[in-house]
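Below, each chain spelled out in residue letters.
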Amino acid sequence: MNCSDVWILAEQENGRVLRISHELVTRGIALSKKRGCKLCAMIFGHDINGADLQALIDMGADKVVAVEAPELANFLVEPYSACMLNLLDKFKPEIILGGATSTGRTLLPYVAMTAYTGLTADCTGLDIEDGTNNLLQTRPAIGGNIMATIRTPDFRPQMSTVRPRSTKPADVIRKGREGEIIRIKPEQKLLGSRIKRTGFIPDEEKQSLHDAEIVVVVGRGIKKAENITLARELADALGGALAATRDVVDRGWLSYPHQVGLSGKTISPRLYVGVGVSGSIQHLAGMQTAETIIAINNDPEAQIFKVADFGIVGDLFEVVPALIREIKEEKKF
Amino acid sequence: MRIIVPIKQVPETKSVKMDEKTGTVIREGVESIINPLDLYAIEIAVQLKETYGGEAIAISMGPSKAIEALREAIAMGVDSAVLVSDRAFAGSDTWATSYVLAEAIRKTGGYDLVICGERATDGDTGQVGPEIASYLKLPVVSYVNKVGKITDGVIAMQRLVEEGSEKIEAQMPCLLTVVKEVSDPRLPTLRGKQKARKSQIPVWGINDLALDPKKVGLAGSPTKVVKIFRPKVARECEKMFARDEEKIKEAVGKLGNLLKKREIL
């Protein structure tokens, strides 16, 4: 049986392995079990936390290859792709899964082009096809209006990026589980970069939209910039992040990093609360995979109610303050 | 300075329909527009050539009507355009598309910058920008949300990532993919539209480019679509009307219970 392995591209920041890596382990375990092969992880960085690497093994990876150098501390496409292509050549993966993160969505296509192979972006579904043992990749397209299932029958490795937060992070199977951890210092010639990272400006919001478990999205129904504080109060009461529809961002009431939708961020939180959001197709494309969707809108015909689990038809300026009071009451217990 | 702007003509998302029986997207009667996110790339390209002098060239791979999108780019201030079109290219995935576009970019001559929109609103992959850069062996800076100064062949910019923005400097030639925040696209001017109408836009087919015919089109694409289907988006929505104080109390109470039950509160 021609069986080379399933690989995941784990990611780190400041030497700590990021959550997306654990989500990829979950996906990787399912695929490698079905194929009857090993699950391996590759990661690029500098001084990566050893316990975090062992944790990947604890969760089910059989092998972790960490390529480390100061030049790899932050993502830069040239040294990362040179090192990754080097690993592809050495280990010949069958399948590579990466996160559909800002890194993954840049690094994987760059590598797939040189490696002359197929890459499927932003997958929500991954499976192994009976008979061929090929990877079946399902993903949204046309702003989420359709789902497409895609195969890479004749080229290897079969590569996919997986939508963050579309998978539960893997549980630890056993602490101290047996596995191989290989730490490599790459040759200097792989580390050149025509791009320099000279600094970082953190987001104004305390909570990153991508990681937030609870997101309150404010739409045009809020009517004025000053009223946004009401939505922010709701977000604070819930302990969540504040985001906006395109209408709100276009009016300058909140900045672009807050925008959720087709031409903004895609989020998949545990709870989405739409305040004065009508629910255009373009907005739905950015949030319809949220676990629980709540909508507050004065128009009973608003599209948002079609994808919501629970909706309140009423004046948000009355409903939201009442909701904030209710949440604070509930939290007392 | 020479700037290349690859653009794409896409179906208007709102009007896309699917033939459930055949599992294919219905293209007839669907309006075609310039990929909205490409407008930002065009805007930045025009701004840069206005600041530093030089020219901006738009290039697109598509069926013959994609020439309308190229005329729109010229109307916004791009100097010239090229359409890359051939039946042999139909059905190309991102690898095959990037291959063709990269070879076409090569054929236009030297360049300092290639600027792409973040992604196209039909395919939604965002892969073509980085793939063109990879093929042309250019560094790529993705998700650029601010373009700064160009000094001695180095371009300063900011890149939008999950937790904030990175400050970046890149040696030219390089490829950028830009996000909406980068600038506000200008409207085409009357003069621009007149120029666009009169512009000669060459059409390059497979024989005009240095391409391996086995690597283009549906047959040459590493990825293959197996099927398309409509996603199950609708949920059972419990809708409560809350038009008076009592009903509001009832509704938020029920919501509070729901959130507690789902362990969110």
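Calculation criteria
- Residues numbered from 1 in each chain as written.
- Chains lettered and ligands numbered in written order.
- Predicted model: local features only at pLDDT ≥ 70, side-chain atom pairs only at ≥ 80, totals over all residues.
- Helix = DSSP H or I, 4+ residues; strand = E, 2+ residues; numbered from the N terminus.
- Buried ≥ 20, exposed ≤ 12 C-beta atoms within 10 Å, placed from the backbone.
- Contact = placed C-beta atoms within 7 Å.
- Rg over C-alpha atoms; globule rule 2.2 N^0.38 Å.
- Nonpolar A, V, L, I, M, F, W, Y, C, P; charged D, E, K, R; others polar.
- Pairing = 2+ DSSP bridges.
- Axes fitted to C-alpha atoms, helices over the stretch in contact; angles between N-to-C directions.
- Expected span 1.5 Å × (residues − 1).
- Parallel < 35°, antiparallel > 145°, perpendicular 65-115°, else oblique.
- Left-handed = near helix turned anticlockwise from the far one by under 90°.
- Core = buried A, V, L, I, M, F, W, Y, C linked by C-beta atoms within 7 Å.
- Domains from an automatic or database assignment.
- Right-handed = clockwise from strand over helix to strand, strands pointing away.
- pLDDT = per-residue confidence, 0-100.

## A closer look at the overall build of chain B
Argument step 1. Looking only at helices and strands, chain B has seven helices and 15 strands in total.
Argument step 2. The principal-axis extent of the C-alpha atoms belonging to chain B is close to 70 × 50 × 40 Å.
Argument step 3. With 265 residues in all, chain B has 51% of them scored as buried.
Argument step 4. Pairs at least 24 residues apart make up 70% of the contacts formed inside chain B by residues separated by at least 6 positions.

## Points about the overall build of chain A
Argument step 1. Across its full length, chain A carries nine helices and 18 strands.
Argument step 2. For chain A, whose C-alpha radius of gyration is 22 Å, the value lies close to the compact-globule estimate of 20 Å for 333 residues.
Argument step 3. Put simply, chain A has 333 residues, and 56% of those count as buried.
Argument step 4. Across chain A, contacts joining residues at least 24 apart in sequence account for 66% of those joining residues at least 6 apart.

## Looking at the interface of chain B and chain A
Argument step 1. Counting residues at the interface gives 73 residues for chain B, matched by 76 residues for chain A.
Argument step 2. Elements with a minimum of two residues in the side of chain B that touches chain A: helix H3 (94-108), helix H4 (128-135), strand E9 (140-151), strand E10 (154-161), strand E11 (164-171), strand E14 (224-229), strand E15 (238-241) and helix H7 (245-261) of chain B.
Argument step 3. Taken together, the residues of the side of chain B that touches chain A sort by class into 37 nonpolar, 15 polar and 21 charged.

## Details of the sheet that holds strand E9 (residues 135-141) of chain A
Argument step 1. The strand order across the open sheet built from four strands is E8(A)-E9(A)-E10(A)-E14(B), with neighbouring strands paired in antiparallel fashion. Two strands close off the open sheet at either side, each with one partner strand: strand E8 (125-128) of chain A together with E14 of chain B. Averaged over all neighbouring strand pairs, the angle between strand axes comes to 25 degrees, with direction disregarded.
Argument step 2. Two elements, E8(A) and E9(A), share four bridges in a ladder whose sense is antiparallel. For A:Asp127, the partnering residue across the bridge sits in E9(A) and is A:Leu136.

## Side note on helix H3 (residues 77-91) of chain A
All names here are of chain A.
Argument step 1. Taking 1.5 Å per residue as the helical rise, H3 with its 15 residues ought to reach 21 Å, and the 21 Å between its terminal C-alpha atoms agrees with that figure.
Argument step 2. Of the positions making up H3, those classed as buried are Val77, Pro79, Tyr80, Ser81, Cys83, Met84, Leu87 and Leu88.
Argument step 3. Positioned one or two residues after H3, Lys92 has a phi angle of 45 degrees, which is positive.

## Quick word on the packing of helix H9 (residues 316-331) of chain A against H7(B)
Argument step 1. Packing of H9(A) against H7(B) leaves a shortest axis separation of 9 Å and a crossing angle of 45 degrees. Between H9(A) and H7(B), the crossing angle belongs to the class labelled oblique. The handedness of the crossing between H9(A) and H7(B) comes out as right-handed. Between H9(A) and H7(B), the residues in contact are A:Glu318, A:Val319, A:Ala322, A:Leu323, A:Glu326, A:Ile327 and A:Glu330 and B:Ile248, B:Lys249, B:Val252, B:Gly253, B:Leu255, B:Gly256 and B:Lys260, respectively.

## Some remarks on the nonpolar core
Argument step 1. Judged by nonpolar contacts, the single largest core of 129 residues is most densely connected at A:Leu56, B:Val5, B:Ile42, B:Ala45, B:Ala73, B:Val78 and B:Ile115.
Argument step 2. Sequence-distant contacts of A:Leu56, defined by excluding residues within four places in its chain, comprise A:Ala10, A:Val17, A:Ser21, A:Val25, A:Ala41, A:Ala61 and A:Val64.
Argument step 3. Formed by 56 residues, the second largest nonpolar core is a distinct cluster that contains A:Ala290, A:Ile293, A:Ile327 and B:Ala242.

## Some details on the domain arrangement of chain A
Residue and element names in this part refer to chain A.
Argument step 1. With domains assigned, chain A is organised as domain 1 (6-190) and domain 2 (214-331).
Argument step 2. With centres defined by C-alpha atoms, the gap from domain 1 to domain 2 works out at 33 Å.
Argument step 3. Facing the six residues of domain 1 at the interface are eight residues of domain 2.
Argument step 4. Here the residues of the side of domain 1 that touches domain 2 are counted per class, giving no nonpolar, four polar and two charged.

## Some words on the sheet that holds strand E1 (residues 6-10) of chain A
In any sheet, the strands associate via hydrogen bonds between backbone groups, in a parallel or an antiparallel arrangement.
Residue and element names in this part refer to chain A.
Argument step 1. With respect to topology, seven strands assemble into an open sheet ordered E7-E11-E6-E1-E4-E5-E12, the strand pairing being parallel. What marks the edges here is a single partner per strand, and that holds for strand E7 (119-123) and strand E12 (180-184). Taking each pair of neighbouring strands and ignoring which way they run, the sheet shows an average axis angle of 20 degrees.
Argument step 2. Across five bridges, the pairing between strand E6 (residues 95-99) and strand E11 (residues 158-162) is parallel. If you follow Gly99 over to E11, its bridge partner there is Val162.
Argument step 3. With respect to the sheet, helix H2 (residues 50-59) is in contact with E1, strand E4 (39-45), strand E5 (63-68) and E12, its orientation differing from that of E5 by roughly 155 degrees.
Argument step 4. In the packing of helix H4 (residues 104-115) onto the sheet, contacts are made with E1, E6, E7 and E11, and the angle to E11 comes to roughly 170 degrees.

## So, the packing of H3(A) against H4(A)
All names here are of chain A.
Argument step 1. One way to put it is that H3 packs onto H4 with a least axis distance of 10 Å and a crossing angle of 50 degrees. Our classification of the angle between H3 and H4 gives oblique. Along this stretch, H3 crosses H4, giving a crossing that reads as right-handed. Listed contacts from H4 to Val77, Tyr80, Ser81, Met84, Leu85 and Leu88 of H3 are Thr106, Leu107, Tyr110, Val111, Thr114 and Ala115.
Argument step 2. Per-class residue counts for the contact of H3 with H4 are nine nonpolar, three polar and no charged.

## Describing the pairing of E5(A)
Residues and elements named next belong to chain A.
Argument step 1. Most of E5 sits out of view: five of its six residues are buried.
Argument step 2. Sheet topology note: the E4/E5 ladder contains six bridges and is parallel. Opposite Met42, over in E5, you have Val65 as the bridge partner.
Argument step 3. For the segment spanning E4, H2 and E5, crossover handedness is right-handed.
Argument step 4. Relative to E12, E5 is paired through five bridges, and the arrangement is parallel. The residue bridging Ala66 from the neighbouring strand is Arg183, located in E12.

## Thoughts on the pairing of E1(A)
All names here are of chain A.
Argument step 1. For E1, a buried count of five out of five residues is recorded, marking the element as mostly surrounded by other parts of the structure.
Argument step 2. Side-chain alternation along E1 places Val6, Ile8 and Ala10 on one buried face and Trp7 and Leu9 on a second face that is also buried.
Argument step 3. Where E1 meets E4, five bridges bridge the pair, whose relative direction is parallel. Looking at E4, one finds that Leu9 is bridged to Met42.

## Describing the environment of A:Ile150
Argument step 1. Summarising the element assignment, A:Ile150 is placed in strand E10 (residues 146-151).
Argument step 2. Sequence-wise, A:Ile150 and A:Pro140 are ten residues apart; in three dimensions their C-alpha atoms are separated by 11 Å.
Argument step 3. Once you skip the residues sitting within four places of it in the chain, A:Ile150 turns out to touch A:Thr120, A:Gln137, A:Arg139, B:Thr223, B:Lys224, B:Val225 and B:Val226.

## Some remarks on the confidence of the model for chain B
Argument step 1. Scored by pLDDT, chain B has a mean of 94; 97% of the residues are at 70 or more.
Argument step 2. Model confidence for the complex is summarised by a pTM of 0.90, with the ipTM given as 0.92.

## A look at unusual backbone geometry
Argument step 1. The step from A:Arg156 to A:Pro157 runs through a cis peptide bond, and the omega angle for that step is 0 degrees.
Argument step 2. Along the chain, A:Pro157 falls in the loop between E10 and E11.
Argument step 3. In the segment running from B:Met172 into B:Pro173, the intervening peptide bond is cis, with an omega of 5 degrees.
Argument step 4. Inspection of the secondary structure assignment puts B:Pro173 in the loop between E11 and strand E12 (174-178).
Argument step 5. Look at B:Tyr143: it is not a glycine, yet its phi comes out positive at around 55 degrees.
Argument step 6. For B:Tyr143, the location among the structural elements is in strand E9.

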